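Summary of structural features
Here are the chains, one letter per residue:
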Amino acid sequence: MSKQTLSPAEPYFNPHVEALPKYNAGLSLAAARAVSGLERIARLASNENPYGCSPAVLEALANGAVELWRYSDPGCESLRAALGKRLGTEPENIVVGNGSEEMIAAASRAFLSAGCTALTVAPCFGLHEIEPLAVGARVTKVPMTADLDFDVAALEAALAQAPNILFLPTPWNPVGAALDHDGLARVIEATPATTMFVLDEAYREFVSDAVPDGLEMLRQARRPYVVLRTFSKAFGLAGLRVGYAVCSSSRIARMLAAAKTPFNVNAAAQAAAVAALDDEAWMRNSVAGITAERERMSKALRDLGLRVARSEGNFLFFDAARDSVQVAAALLKAGVVVKPWLEPNYQTFIRVSTGTTAENDQFLDALAAIVR
Ligand SMILES: *Cc1c(COP(=O)(O)O)cnc(C)c1O
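Residues numbered from 1 in each chain as written. Predicted model: local features only at pLDDT ≥ 70, side-chain atom pairs only at ≥ 80, totals over all residues. Heavy atoms only, no water.

If you check helix α6 (residues 100-111), its first and last C-alpha atoms are 16 Å apart, about what 12 residues at 1.5 Å a residue would give, namely 16 Å. Along α6, 10 of the 12 residues are buried, which leaves the element largely enclosed by surrounding structure. Three or more residues of α6 are buried, namely Ser100, Glu102, Met103, Ile104, Ala105, Ala106, Ala107, Ser108, Ala110 and Phe111. (Helix = DSSP H or I, 4+ residues; strand = E, 2+ residues; numbered from the N terminus. Expected span 1.5 Å × (residues − 1). Buried < 20%, exposed > 50% of the residue type's maximum accessible area, 1.4 Å probe, protein only.)

Right, here's the structure in full:
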């Protein structure tokens, strides 16, 4: 019996929740201004779209177009229909979340409980660890290779232990690498039928032609899966919170739906996501600008003598070769917010998002002054 239940003076605290590591969120604009004393802040810690969002979204939200006094559609019918058409999937296999992060929590509640096991990679996207831990599961992480890439052989070995769930991000936040066709095929092949395969494709829209469509590959593998995608990154709707899960069956979709709150996606987010999907040209154009800037930044970092992982996302992961918290603090003094990696074994690494050209220059100039 736990200590809490014996103490009459204290309510019960769920020990799994109390022991959770804190999510490492980027600093707010107000906090960054207060600390730096500067007005012009380059916010490069949260992988947001520096160009904003499509004007079609702003139009869809303008002047009372959304009935804010009504409950939102709990089934997200219009959005699921639009997504189903675009992805060639039955809408009944799609579940929309308050951000795809809500679907990570829902998958953990639906497919894990105390004593179960989850597998992911290290360095890891915080919620791929936090949500399984929150339901009492154990989490194993497969470290990246010395050349900052997926260790497919180590993943195969870990999958042989038949974890209950696999959280696999590709492109990989925070590293940036994406699995190629052979690599993903090997991981799929190594994943037992008893393991729920959760493929997190939050950065799908940014990838080059060398990166396979994971949803398509999982479909062809005829196995249980959940593929996560989001409107937060390429579509620029991070503040509205809308992402989705594409499931291999309606039964799996019903499990995710049961594990979330009923009105989880607000009405503005639903209307915005439908409008954003309709303006593919805006999204493609912003992705082209972001990936071009990313490559420019990557070269500049390498020219500073730093090790940088290859990236198929809207961010870069590099080894600052010194304490990342100190480097981040020094960058903040120059008005630049990045994400110092805090996970054991990766504490000299920093993740920086791709911003506008001016923001990226502000970052590169400040970093050069620090590491030179
Ligand atoms: C950003 C991100 C998400 C979550 O995005 P939402 O804003 O919750 O849709 C999920 N997975 C990964 C790997 C991400 O980087």
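For the rest of this paragraph, the subject is empty space enclosed by the protein. Tallied over the full model, the rule gives one cavity of 30 Å³ or more. Along the walls of the largest cavity sit Thr170, Pro171, Leu179, Leu184, Glu201, Arg204, Val207, Val211, Pro212 and Gly214, which together make up its complete lining. Of the residues in the lining of the largest cavity, the class split is six nonpolar, two polar and two charged. (1 Å grid on protein atoms, 1.4 Å probe; cavity = no way out; pocket = protein on both sides within 12 Å on 5 of 7 lines; lining within 4 Å. Points joined across faces, edges and corners; volume = space filled by probe spheres on them. Nonpolar A, V, L, I, M, F, W, Y, C, P; charged D, E, K, R; others polar.)

All told, the structure shown has 11 aromatic pairs when counted by the stated rule. Plain terms: the ring middles of tyrosine 23 and phenylalanine 125 are 6.4 Å apart, the flat faces sit at 80° to each other, and that makes the pair edge-to-face. Of this pair, tyrosine 23 sits in the loop between α2 (15-18) and α3 (29-36) while phenylalanine 125 sits in the loop between β3 (117-122) and α7 (126-134), and the two are 102 residues apart along the sequence. On the basis of relative accessibility, which here comes to 35%, the residue tyrosine 23 falls in the partly exposed class. Overall, phenylalanine 125 belongs to the buried group, its relative accessible area being 15%. With centroids separated by 5.8 Å and ring planes inclined at 90°, the aromatic side chains of phenylalanine 317 and tryptophan 341 adopt a geometry described as edge-to-face. Separated by 24 residues along the polypeptide, phenylalanine 317 in strand β10 (residues 315-319) and tryptophan 341 in the loop between β12 (339-340) and β13 (349-353) bring together distant segments of the chain. In this pair, the class of phenylalanine 317 matches that of tryptophan 341, namely buried. An aromatic cluster is defined as three or more aromatic residues linked by ring pairs; in this entry it consists of Phe317, Trp341, Tyr346 and Phe349. (Phe/Tyr/Trp six-rings, centres within 6.5 Å; stacked < 30°, edge-to-face > 60°.)

This paragraph deals with the site of the ligand. Taken together, Gly99, Ser100, Glu101, Phe125, Asn173, Asp200, Ala202, Tyr203, Thr230, Ser232, Lys233 and Arg241 are the residues near the ligand. In the model, an oxygen atom of the ligand is placed 3.2 Å from a nitrogen or oxygen of the lysine 233 side chain. Within the side chain of arginine 241, an N or O atom sits 2.8 Å from an oxygen atom of the ligand. The cavity that encloses the ligand is the largest pocket. A per-class count over the shell around the ligand returns three nonpolar, five polar and four charged. (Near = heavy atom within 4 Å. Polar contact = N/O pair within 3.5 Å; in protein donor to acceptor, adjacent residues only side chain to side chain. Sits in = over half its atoms within 2 Å of the grid points.)

When their charged atoms lie close together, side chains carrying opposite charge are able to pair. Taken as a whole, this structure holds 18 salt bridges when the rule is applied. Taking the shortest distance from any N to any O, the salt bridge between arginine 296 and aspartate 361 comes out at 2.9 Å. Of this pair, arginine 296 sits in helix α13 (residues 280-303) while aspartate 361 sits in helix α15 (residues 357-371), and the two are 65 residues apart along the sequence. As a salt-bridge pair, aspartate 303 and lysine 299 come within 2.8 Å of each other at their nearest N and O atoms. Of this pair, aspartate 303 and lysine 299 both sit in helix α13, four residues apart, which is roughly one turn of that helix. (Salt bridge = Lys/Arg side-chain N within 4 Å of Asp/Glu carboxyl O.)

Time to look at the sheet that holds β10. Strand order in the open sheet made by the four strands is β9-β10-β13-β12, with antiparallel pairing throughout. Strand pairing shows two members of the sheet lacking a second neighbour, β9 (307-308) and β12, which therefore form its edges. Pairing geometry for β9 and β10, over two bridges, is antiparallel. Counterpart to arginine 307 in the pairing with β10 is aspartate 319. With respect to the sheet, α13 is in contact with β9, β10 and β13, its orientation differing from that of β10 by roughly 10°. (Pairing = 2+ DSSP bridges. Contact = heavy atoms within 4.5 Å. Axes fitted to C-alpha atoms, helices over the stretch in contact; angles between N-to-C directions.)

On to the layout of surface pockets, then. Taken as a whole, the largest pocket holds about 820 Å³ of empty space. What lines the largest pocket is a set of 38 residues, among which Tyr23, Asn24, Phe125, Gly126 and Lys339 lie closest to the centre. Elements represented by at least two residues in the lining of the largest pocket include exactly α6 and α7. When residues of the lining of the largest pocket are assigned to their parent elements, the largest contribution, five residues, is made by α7. Here the residues of the lining of the largest pocket sort into 17 nonpolar, 10 polar and 11 charged.

The next thing to look at is unusual backbone geometry. Between threonine 170 and proline 171 the backbone carries a cis peptide bond, its omega angle lying at -5°. Position of proline 171 relative to the elements: it lies in the loop between β5 (165-169) and α9 (181-190). With an omega of 15°, the peptide bond running from asparagine 173 to proline 174 counts as cis. When you line up the elements, proline 174 lands in the loop between β5 and α9. You will see that alanine 321, though not glycine, has its phi angle at about 60°, which is positive. For alanine 321, the location among the structural elements is in the loop between β10 and α14 (324-333). A relative accessible area of 58% places alanine 321 in the exposed class.

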